[in-house]
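Survey of secondary and tertiary structure
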Amino acid sequence: METQNQLDDNMVHNIFRGLGIALITPFKEDGSVDFEALQRLLDYQLKNGADFLCILATTSEMPTLTAEERQKIKDFIVDYVQGRVPILMGCGGYNTAAVVRELQEGDFRGVDGILSVCPYYNKPSQEGLYQHFKAIAAATKLPVVLYNVPGRTGVNLKAETTVRLARDCKNIVAIKEASGNLEQVDEIIKNKPKDFDVISGDDALTFPMVSCGAVGVISVIGNALPKEFSKMIRLQMRGEYDAARKIHHRFIDLFSLLFVDGNPAGVKAMLSEMNFISNVLRLPLVPMRIKNMQRMSEILKELKI
């Protein structure tokens, strides 16, 4: 199976378009990884419109996984998917040298690209962010997707820095934008090179972002509702905005509930309600509060899901 790290640098381009799933990690009641549930989820995604998978990132509860668990999960997904959709894998942190070393020495067999989050906690300057991502891009031949989520990291990758990286680093092919700032998204899309893409990192803003020129989403709610969410994106891509808007509006109440108790507590509660997984998270994350779970159950019934 040919992956992007086998391709010539000059051919690197963004293959992460449409509906990407920020894949959860299902756990058994004893807290161990539930690979049977993971296989069911993979089947569900592959049969219902997922265009690519984003693994071992925020929604996977990656910080709570051991190195051995991360390797087993990665190998399991790669071996099961067998190239049917591209795989984007999280690889980032606040220590540039450590991320570079992981990229140089880690096992990326079967992985088609890297999602790298802005350094968190230490709040680098824009120049520091530029140098960090430039070093990451130089450490791998894989396509790199930047991940800007200031609500989690405490620092915003500004539009001018994103565009600078896109112009200077040929294998930085896209950004997952989760700043919540549509003006910033517009500025990136206006000034970016033609071979660089913007991907929504916020389910609730996917409709307006795709309308502005984003090429898809890395979705949390897509874990539970891939068929419906992928339909919305495909309608937009065909210019059928009225039909797409109706789907967007159907899910507004779910969007507001999805993150009220943290991520992935909301989508795990939804998947548990749909009998896909056990509603188990690892500390410091805890399950969704009962009152919110009840409201989510009511909305799912109203939507006939």
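In this text the structure is predicted, and so the values were computed from the model without any measurement.

Describing the overall build of the protein chain
- Assigned secondary structure in the protein chain consists of 13 helices and 8 strands.
- Its C-alpha atoms give the protein chain a radius of gyration of 18 Å, within 12% of the compact-globule value 19 Å for 305 residues.
- Viewed in the frame of its principal axes, the protein chain has a C-alpha envelope of about 50 × 45 × 40 Å.
- Here the protein chain holds 305 residues, and the buried ones make up 54% of them.
- Considering only contacts in the protein chain between residues 6 or more positions apart, those separated by 24 or more positions represent 72%.
- As presented, the protein chain carries roughly 13,500 Å² of accessible surface, and 49% of it is formed by carbon and sulfur atoms.

Some remarks on the pattern of salt bridges
- As enumerated under the stated definition, the model contains 15 salt bridges in all.
- Each of K74, D75, D79, D107 and R109 takes part in a single network of salt bridges with overlapping partners.

A short note on the confidence of the model for the protein chain
- Per-residue confidence for the protein chain averages 95 on the pLDDT scale, and 96% of its residues sit at or above 70.
- Below a pLDDT of 50 lies the segment residues 1-9, which in the model reaches 21 contacts outside its immediate sequence neighbourhood of four places, other chains included.

Notes on unusual backbone geometry
- The step from N263 to P264 runs through a cis peptide bond, and the omega angle for that step is 10°.
- Residue position: P264 is located in the loop between α11 (252-258) and α12 (265-273).
- Following L283, the chain continues into P284 via a peptide bond in cis, with omega recorded as 15°.
- Mapped onto the fold, P284 is located in the loop between α12 and α13 (290-302).
- Positive phi values are uncommon outside glycine, yet E61 reaches one of about 60°.
- Summarising the element assignment, E61 is placed in the loop between β2 (52-55) and α2 (67-81).

Thresholds, definitions, all that
- Within any chain, residue numbers begin from 1 and follow the written order of that chain's sequence.
- At least 70 in pLDDT is required for a residue's local features to be given in this predicted model, at least 80 for side-chain atom pairs to be given and counted, and no such filter applies to totals for whole chains, interfaces and linings, which use all residues.
- By convention in this description, side-chain values take in all heavy atoms of the structure and omit both hydrogens and water.
- By definition, any uninterrupted DSSP run of H or I lasting at least four residues is a helix, any uninterrupted run of E lasting at least two residues is a strand, and each is numbered from the N terminus.
- Computation of the radius of gyration draws on C-alpha atoms alone. For the globule rule, the value is 2.2 Å times the number of residues to the power 0.38.
- Only protein chains enter the accessibility calculation, which uses a 1.4 Å probe; a residue whose area is less than 20% of its type maximum is buried, one above 50% is exposed, and one in between is partly exposed.
- Any pair of residues with heavy atoms lying within 4.5 Å of one another is described as a contacting pair.
- For every accessible area listed, the method is Shrake-Rupley and the probe measures 1.4 Å; residues are considered covered only by the protein chains on display.
- The term salt bridge refers to a side-chain nitrogen of Lys or Arg lying within 4 Å of a carboxyl oxygen of Asp or Glu.
- Scored from 0 to 100, pLDDT records how confident the predictor is in each individual residue.

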